[in-house]
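Spelled out, the chains give:
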Amino acid sequence: MPGAQPLIGVFDSGVGGLTVVAALRRRLPGASILYLGDTARLPYGTKSRRTVLRYSQANVDFLERRRVDALVVACNTASAMALDDLVVRAPHWGVLEPGASAAVASARRHVGVIATESTVRSGAYEEAIRRLDPRLRVSQQACPLLVPLVEEGWEEDEITGRIVARYLEPLLAEGIDTLLLGCTHYPMLRGVLERVCGPEVTLVDSAESTGALVEQALRGRGWTDGAGPESASVRLFATDAGPRFARLAERILGEPATLEWIDVDESGTGGTLRIGEEVGTS
Ligand code: DGL
């Protein structure tokens, strides 16, 4: 009900979408969040549109059964391949349009987009940017190794710097002035991306622009921070829970994280995982 604190449902293929949750928490500290990471079926970034749509719809249905007031598709791949065909009752947003708008606002002539293979193949970012400003040049680069490097916790490792430099080489050689981070995990690599790109290239983070758009939309609908941050909660569900997911969740959120292990189809709770524990049920 507008006027009260909203309950926002957010889903991603894994825990990388918590970069969007972190942005929402900064902007809407009074909002409660239900997050679903489809860790059992990760990655989406190499899969077909049909499969990504089927998985995404199951995630939406899971969150809507929990009566969310608004829904955010935090996964860039799902936003690029499935958003338009999802059946969603609640007001909802993906990360693609906000990312594209922010890139257009920053770019002078040439935007580089880095994303998963499926997102790049869909051409959705390029289309969205060109729709907003047909004069802009857009170059895309799939960076399949970056998600595993973040999940390994190697954001600052020297090998990550070399891989990032290799991926960005063609984009930098073409003279991009803006780099759009079109994948949930890439905000975690901001430091190395900035070092490789240098001061001439502006980085645009689709997680941050999505947080801004959702805040504006919810406040526009009359939602407030209600009783304030003390009464806001964040509940994290995952379809598979292992210590690596819980550790990554903590790194992204910057606060202790507990993943509740569920099955999206049966909506049963499979167990709870705290860092360093093994899940007790199978
Ligand atoms: N969440 C995906 C994205 O933003 C990255 C991980 C995956 O491939 O599932 O595109």
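The structure presented is a predicted model; accordingly, all values stated were derived computationally and were not measured. (Residues numbered from 1 in each chain as written. Predicted model: local features only at pLDDT ≥ 70, side-chain atom pairs only at ≥ 80, totals over all residues. Heavy atoms only, no water.)

Engineer: Explanation requested: the overall build of the chain in the structure shown.
Structural biologist: Of the regular secondary structure elements, the chain holds 11 helices and 11 strands. Over its C-alpha trace the chain gives a radius of gyration of 18 Å, about what one expects of a compact globule, namely 19 Å for 282 residues. Principal axes of the C-alpha set define a box for the chain whose edges measure 50 × 40 × 35 Å. Here the chain holds 282 residues, and the buried ones make up 56% of them. Contacts spanning at least 24 positions in sequence make up 73% of the contacts within the chain whose residues lie at least 6 apart. (Helix = DSSP H or I, 4+ residues; strand = E, 2+ residues; numbered from the N terminus. Rg over C-alpha atoms; globule rule 2.2 N^0.38 Å. Buried < 20%, exposed > 50% of the residue type's maximum accessible area, 1.4 Å probe, protein only. Contact = heavy atoms within 4.5 Å.)

Engineer: How should I be thinking about the sheet that holds strand β8 (residues 202-205) in this particular structure?
Structural biologist: Neighbouring strands of a sheet are bound in pairs by backbone hydrogen bonds; such pairs are parallel or else antiparallel. Taken together, the 4 strands give an open sheet; going across it, the order is β6-β5-β7-β8, and neighbouring strands pair in parallel fashion. Since the sheet does not close on itself, it has two edges, and those belong to β6 (137-142) and β8, each with one partner. Recorded for the sheet is a direction-independent mean angle of 25 degrees between the axes of neighbouring strands. As judged from the 4 bridges shared by strand β7 (residues 178-182) and β8, these two strands associate in the parallel manner. Looking at β8, one finds that Leu181 is bridged to Asp205. Running over the sheet, helix α9 (residues 190-197) touches β5 (110-115), β7 and β8 and is turned about 155 degrees from β8. (Pairing = 2+ DSSP bridges. Axes fitted to C-alpha atoms, helices over the stretch in contact; angles between N-to-C directions.)

Engineer: Got a minute to help me understand the pairing of strand β9 (residues 234-238) in this structure?
Structural biologist: Here is the key point about a regular strand: its side chains alternate between the two faces of the sheet. Of the strand pairs in this sheet, strand β2 (residues 32-37) and β9 are connected by 5 bridges, and their pairing is parallel. Its bridge partner being in β9, Leu36 is matched across the sheet by Phe237. Relative to strand β10 (residues 259-262), β9 is paired through 3 bridges, and the arrangement is parallel. The residue bridging Leu236 from the neighbouring strand is Leu259, located in β10. Following the backbone out of β9, through helix α11 (residues 243-253) and into the adjacent parallel β10, one traces a crossover that is right-handed. (Right-handed = clockwise from strand over helix to strand, strands pointing away.)

Engineer: Explain the packing of helix α4 (residues 96-106) against helix α10 (residues 206-220) here, please?
Structural biologist: Think of two packed helices as two axes; the pair is described by the angle between the axes and how far apart they sit. Where α4 contacts α10, the two axes come as close as 8 Å, and the packing angle between them is 105 degrees. As judged from the angle between their axes, α4 and α10 are roughly perpendicular. Residues Pro98, Gly99 and Ala102 of α4 pack against Ser206, Ser209, Thr210 and Leu213 of α10. (Parallel < 35°, antiparallel > 145°, perpendicular 65-115°, else oblique.)

Engineer: Just to check I follow, could you spell out the site of the ligand for this structure?
Structural biologist: The local shell around the ligand consists of Asp12, Ser13, Leu42, Pro43, Tyr44, Gly45, Cys75, Asn76, Thr77, Thr116, Cys183 and Thr184. At 2.7 Å, a side-chain N or O of Asp12 approaches a nitrogen atom of the ligand. Measuring from an oxygen atom of the ligand, one finds a backbone N or O atom of Tyr44 at 2.7 Å. A total of 290 Å² of accessible area belongs to the ligand in isolation, and the protein chains cover 98% of it. Tallied by class, the residues present in the shell around the ligand amount to 5 nonpolar, 6 polar and 1 charged. (Near = heavy atom within 4 Å. Polar contact = N/O pair within 3.5 Å; in protein donor to acceptor, adjacent residues only side chain to side chain. Areas by Shrake-Rupley, 256 points an atom, 1.4 Å probe, with all protein chains shown as cover. Nonpolar A, V, L, I, M, F, W, Y, C, P; charged D, E, K, R; others polar.)

Engineer: Which parts of the structure should I look at to understand α11?
Structural biologist: Think of an α-helix as turning once every 3.6 residues; residues three or four places apart then point the same way. Those residues of α11 lying buried are Phe245, Ala246, Leu248, Ala249, Ile252 and Leu253. For α11, the angular spread of buried residues about the axis comes to 165 degrees, placing them on one side. Following α11 by one or two positions, Gly254 adopts a phi angle in the positive range, close to 70 degrees. (Arc of directions from axis to C-beta.)

Engineer: Which parts of the structure should I look at to understand the side chain of His110?
Structural biologist: Structurally, His110 is set in strand β5. Residue His110 is classed as buried on the basis of its relative accessible area, which comes to 2%. Looking at His110, its side chain comes within polar contact range of the side chain of Ser139, at 2.7 Å. Setting aside anything within four residues of it in sequence, one finds His110 in contact with Leu136, Arg137, Val138, Ser139, Glu174, Gly175, Ile176, Asp177 and Thr178.

Engineer: Could you clarify how one ought to interpret the confidence of the model for the chain in this entry?
Structural biologist: When pLDDT drops low, the exact placement of atoms in the prediction is not to be read closely. For the chain, per-residue confidence averages 91 on the pLDDT scale, and 91% of positions sit at 70 or higher. Every residue in residues 266-270 is under pLDDT 50, and counting partners more than four places away or in other chains gives 12 contacts. This model gives residues 273-282 a pLDDT under 50, and the stretch forms 24 contacts once residues within four places in sequence are excluded. (pLDDT = per-residue confidence, 0-100.)

Engineer: Mind showing me how you'd approach the packing of α4 against helix α6 (residues 124-132) here?
Structural biologist: Taken N-terminus to C-terminus, the directions of α4 and α6 make an angle of 50 degrees; their axes are 9 Å apart at the nearest point. With respect to α6, the element α4 is oriented oblique. Considering only the axes of α4 and α6, their crossing is right-handed. Contacts between α4 and α6 pair Leu96, Glu97, Ala100, Ser101 and Val104 from the former with Ala124, Tyr125, Ala128, Ile129, Arg131 and Leu132 from the latter. Here the contact of α4 with α6 is built from residues that sort into 8 nonpolar, 1 polar and 2 charged. (Left-handed = near helix turned anticlockwise from the far one by under 90°.)

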